[in-house]
Amino acid sequence: QVQLVESGGGLVQAGGSLRLSCAASGSIFSIKLMGWYRQPPGKQRERVASILSGDSTNYADSVKGRFTISRDNAKNTVYLQMNSLEPEDTAVYYCHAHVQTSWVRPAIDYWGQGTQVTVSS
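Reference entry: report on the structure contained in this document. Owing to the predicted nature of the structure, the values given are computational and were not obtained by experimental measurement. (Residues numbered from 1 in each chain as written. Predicted model: local features only at pLDDT ≥ 70, side-chain atom pairs only at ≥ 80, totals over all residues. Heavy atoms only, no water.)

1. Section: the pattern of salt bridges
Using the criterion set out here, one finds 5 salt bridges in the structure. With a shortest N-O distance of 3.1 Å, Asp-61 and Lys-64 are connected by a salt bridge. In this pair, the class of Asp-61 matches that of Lys-64, namely exposed. Here the residues in one salt-bridge network are Arg-38, Glu-46, Arg-66, Glu-86 and Asp-89, joined through shared partners. (Salt bridge = Lys/Arg side-chain N within 4 Å of Asp/Glu carboxyl O. Buried < 20%, exposed > 50% of the residue type's maximum accessible area, 1.4 Å probe, protein only.)

Below, the structure is given as structure tokens:
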């Protein structure tokens, strides 16, 4: 079993910054990919950013140039630095990890419990 624990959400004014963290723990053989999704009020969950074990990154167009994803492989932790926040960034942010728990098992998806980010205008 793998647990993802997020932290760093909160309330911020437009133009401000927040940094989200997500630490993975449990039966981890390797983490193929880590990332962040978000679900705005009344909308579907959407991908924000992802990072592969080799540090290749990918961003949604809406956050390019404002958000930066990074990871610390030694700590099994992924970060999301969010700058120039806009009210449209208000959402519950979920950590995601594609984890292999042993060398004989395929990697599967795990999710955090979500952390609220609210950007006021």
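2. What to know about the state of the cysteines
In the structure shown here, the tally under the stated rule is 1 disulfide. One disulfide bridge connects Cys-22 with Cys-95, the sulfur atoms lying 2.0 Å from each other. Across the disulfide from Cys-22 to Cys-95, rotation about the S-S bond amounts to roughly -85°, and the bridge is consequently left-handed. On the criterion of sequence distance, the pair formed by Cys-22 in strand E3 (residues 18-26) and Cys-95 in strand E9 (residues 91-100) is long-range, its members being 73 residues apart. Note on accessibility: Cys-22 and Cys-95 belong to one class, buried. (Disulfide = S-S within 2.5 Å. Helix = DSSP H or I, 4+ residues; strand = E, 2+ residues; numbered from the N terminus.)

3. Describing the nonpolar core
In terms of nonpolar packing, the biggest core is built from 30 residues, with Trp-36, Leu-80, Met-82 and Tyr-93 touching the most fellow members. Elements with a minimum of two residues in this core: strand E1 (2-7), E3, strand E4 (30-39), strand E5 (46-52), strand E7 (67-72), strand E8 (77-82), E9 and strand E11 (115-120). Per-element accounting of this core gives the leading share, 5 residues, to E9. (Core = buried A, V, L, I, M, F, W, Y, C linked by side-chain atoms within 4.5 Å.)

4. Structural notes on the pairing of E5
Direction of pairing for E4 relative to E5: antiparallel, over a ladder of 6 bridges. Looking across to E5, one finds that Leu-33 is bridged to Leu-52. Counted along the chain from E4 to the antiparallel partner E5, the turn is 6 residues long, and its residue Gly-42 has a positive phi close to 75°. Across 3 bridges, the pairing between E5 and strand E6 (residues 57-59) is antiparallel. Bridge pairing links Ile-51 to Thr-57 in E6. Between the antiparallel neighbours E5 and E6 lie 4 residues, among them Asp-55 with a positive phi of about 75°. (Pairing = 2+ DSSP bridges.)

Everything listed is a geometric property; what it means functionally is a separate question.
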